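Examination of the molecular architecture
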Amino acid sequence: MGSSRGLKKPATFGGVALLLRFTVNFWKVLDWNFRRVGRVEFTLPPFLNERLRWIVEPSAKITGEYVLYWMHHAVRAHENPALDAAHCLAVQMGLPLLVYHGVSEDYPYASDRHHAFMMQGARDVEREFLDLGVRYAFHLQRDGARGPHLRELTRRASILVTEEMPVEPVVGWLERLRLACATPIATVDSSCIVPVSLLKKPFTRAFEFRDARKAYADARLSLPYPSLPSPADPFTGTLPFEPIDLQRADLRDLIGKCRIDHSVAPVIDTPGGSRAGYDRWGRFKATALREYSKRRNDAADQEGVSRMSAYLHYGMVSPFRIAREAAELNAEKFLDELLIWRELAFHFCFHNVEGLDSLDGVPDWAKRSLAVHARDIRRSDHSWESLARGQTESPLWNACQRSLLKHGELHNNVRMTWGKSFLHWTSSPDRALCMAIDLNHRFALDGRDPNSYGGLLWCFGQFDRPFEPEQPVFGVVRPRSPEEHTERISMPKFLGVIDRPTAARATRIAIIGAGIAGLVAARTLADHGLDVQVFEKSGGVGGRMATRRTVDGLQFDHGAQYFTARGEKFSRHVHSWIHDGLVRQWDGRIVELSDGTVMAEKQETARYVAVPGMNAIARSLATDLNITLDTTITDLRRIKGVENDRWHLIDHEQNRCGESDYVIVNCPPSQAEPLLRDHTPIAKTIESVEMLPCWASMVRLEAKISLPFDGAFVQNNPLAWISRNDSKPGRPRVEGSCWVLHGSASWSKANVDRDATAIEPLLHQAFRDAVEVPLGDIESFGTHRWRYAIPSTVLNELCLWDPTSKLGACGDWCGGPRIEGAYQSGVAMAGSLLRDLMIDRKPPERIATQPLLPF
């Protein structure tokens, strides 16, 4: 097996002749290189031979059903060296070719934004492969569709070919495949004009890299991309999953089934795919490429730069074509950015992949200098959330962060200033780099790219030289302050670019209910630049995250007692709230209590409380939101509009409370169902949910007693929970002690319609019976009935969404009977709405008789 089988004669499939027509075909069979790998010999064109690197070399005997091409960062079926190498190997081995393209839930910073961009790109490349007659199998990891499919496909393959991408998680995935499979594995550089494996060492200065690559680059830049050899036969066998037909699939629905971050929305004016990428490149080339050197540093000039980095990151456009066409117009400065700085970063990452996420990725001189100044006084020490939402003291930096959050991009000139500011606004250089990487990769569509790492590490000294005189915080790392940059930019014009609409049309969203789920949904939508109004029937926000304060200065958290953080997404916010002093861990002793006896400790998980009261989190989320209190919405009415139908909200006095395009209901099910009953089928699902009540009493014990716990889950008693409120951090000290008593769900349900004056002494007596020690006088500060305290069952869905009526519902009865569940439900609700606004339901119609791309 190997080269002895020779090459098949060229074949033409469907639109191949049109799709793959190039100016020159300089590949001839006699010019190809014989390459011996182990005891196997392959014949590859020089262009591919220099790009291919074996991770696992073939043994003497190769077996398998097909050659597998794993596509991930060259999402195109044209000018793709990895695909071409897989074709060549398949043809020589007489095997069919299978292209596998999967989108995982487990890559770092996985979100709706990155998923949508990748899947839009996959939809385009699927259409290319349909024209080529190549078997393309796309898999999306999601509910009901998980499994080690890549590993299984690799084990069945004769050879696995994939793209060279010298950053995580691809490097780690390849290593795990290497350990789990005996299949030969080859990577092919499909990103750089000068392949990363061609230069044998990393370079840390642009001029050194420019000199080292010059001989290689000049010989490669001017060559047209060679045409494909004859395509291999497509694999027709079975697969371990059902591939998704992206031409018919609803991307919004599919993404909603993925366990990813739904709080980061797709970007409507930067859709993924080769069509959108080349369309943007064509406009830039025609209108601004010749003036790039003059316009590139003006961040207020949105059209003065190419904005191609996201398409290059995922390989949806060919860097070879971009470079060729830029060279034809003598765009030297643009080529310097594309071929020197971008490829410098790729080569650096290839040789230093293990040090990219820490200060090990910067030169020793920079590391030493930053360490010397690590304890210098900073301007601020911002939390992750204040940075992510752009809540610093610098208007320019905040605008930069809003650009990342809302639009998934940031002009390179201000991105450098944005990146260097972390040193002033975080407690240490290590944390500064960690925050810069997090926010860049989380929000930027080109995040996790080698070029992104290059730019971020430059902010901390990489690819640069020491700058004297030494300064506080920065040491000899080049400084760049937002204040100085502000003087060089037209802020009104820049803000106009940053705060441009994020949706295709003006959209207003009404949210009924200011509980945690509703506030989180409102916060997420407003941060993405949407017009949101919240209506709340009570006089404050937070729902059951309530705090009762008395004229005597006493305080009782009579609703939610504490919360836990089990998932990474919620934990990120909790740690940020701790940083800001909004939340503290409650280290009180929590036990299980039965007839006065401690039966067990309940310390298996960390418990948190908001400070100074549980409603502090709700008030923080509500900051700057448009909230109308003391307003009960009792009816929704659909009104025909000139362009779109809209919802009119009617309050309990039959007043109109404005009109909205979307309505989210964050109410208990028995209140949400009547609002939605006549308008959407999701009301039927809500109808099935029962909420259980809870009677709560707030008391003070004047006597000094010593109970061996601060909170207890009570058994064999009308009470289910008792807690000493003043034992929580941040609560005022009192004479004696303050306690909150919660009736059990069954007891509260049996007594739900009784008057509070009758319930109060029963709860007090139950308190005495539960602890079985003399309590002395019990001073009451109120008994409150939570009619809808906890769901008896929780829906499997995190939220309910009807895109036809544009109505949704959320709450802890969807996400789970915890604050974390309510938070997840609010995020899921916002994500559903944002996907509806930002992603087209269907792709453009496919024209089978025309090639996908204009060559």
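Our structure is the block above this text.
Let me sum up the structure you'll find in this document. (Residues numbered from 1 in each chain as written. Predicted model: local features only at pLDDT ≥ 70, side-chain atom pairs only at ≥ 80, totals over all residues. Heavy atoms only, no water.)

Time to look at the overall build of the chain. From N to C terminus, the chain includes 31 helices and 28 strands. By the compact-globule yardstick of 29 Å for 855 residues, the chain fits well, its C-alpha radius of gyration being 31 Å. Each principal axis of the C-alpha atoms in the chain carries an extent, and together these give about 100 × 65 × 60 Å. Per-residue burial over the chain gives 60% buried out of 855 residues. Here the chain has roughly 34200 Å² of accessible surface; of this, 49% comes from carbon and sulfur atoms. Computing the positive centroid from 105 side-chain charges and the negative centroid from 105, the chain places the two 4 Å apart. (Helix = DSSP H or I, 4+ residues; strand = E, 2+ residues; numbered from the N terminus. Rg over C-alpha atoms; globule rule 2.2 N^0.38 Å. Buried < 20%, exposed > 50% of the residue type's maximum accessible area, 1.4 Å probe, protein only. Areas by Shrake-Rupley, 256 points an atom, 1.4 Å probe, with all protein chains shown as cover. Lys, Arg positive; Asp, Glu negative; His and termini not counted. Charge placed at Lys NZ, Arg CZ, Asp CG, Glu CD.)

Our focus in this paragraph is the sheet that holds strand E27 (residues 800–802). Strand order in the open sheet formed by six strands is E17-E10-E9-E21-E28-E27, and the pairing between neighbours is mixed. Edge positions in the sheet fall to strand E17 (626–628) and E27, since each of these pairs with one other strand and no more. Averaged over all pairs of adjacent strands, the angle between their axes in this sheet comes to 15°, without regard to strand direction. Sheet topology note: the strand E21 (residues 662–665)/strand E28 (residues 807–809) ladder contains three bridges and is parallel. The residue bridging valine 665 from the neighbouring strand is alanine 809, located in E28. The sheet contacts of helix H23 (residues 516–527) involve strand E9 (508–512), strand E10 (531–535), E17 and E21, and relative to E9 the element is tilted by about 165°. (Pairing = 2+ DSSP bridges. Axes fitted to C-alpha atoms, helices over the stretch in contact; angles between N-to-C directions. Contact = heavy atoms within 4.5 Å.)

Looking along the chain, the bond that leaves glutamate 468 and enters proline 469 is cis, with omega of 0°. Residue proline 612 is reached from valine 611 by a cis peptide bond, and omega for that bond is 10°. Position of proline 612 relative to the elements: it lies in the loop between strand E16 (608–610) and helix H25 (616–622). Positioned with a positive phi, aspartate 624 is a non-glycine residue whose angle comes to about 70°. The residue aspartate 624 is located in the loop between H25 and E17 in this model. Phi is positive for glutamine 654, close to 65°, though the residue is something other than glycine.

The next subject is empty space enclosed by the protein. Applying the stated criterion across every chain yields a total of five cavities of 30 Å³ or more. Estimated volume of the largest cavity: approximately 250 Å³. Taken together, 20 residues make up the lining of the largest cavity; nearest its centre are Ser263, Arg389, Thr524, Asp527 and His573. Looking at side-chain class alone, the lining of the largest cavity contains nine nonpolar, four polar and seven charged residues. The volume enclosed by the second largest cavity comes to roughly 140 Å³. (1 Å grid on protein atoms, 1.4 Å probe; cavity = no way out; pocket = protein on both sides within 12 Å on 5 of 7 lines; lining within 4 Å. Points joined across faces, edges and corners; volume = space filled by probe spheres on them. Nonpolar A, V, L, I, M, F, W, Y, C, P; charged D, E, K, R; others polar.)

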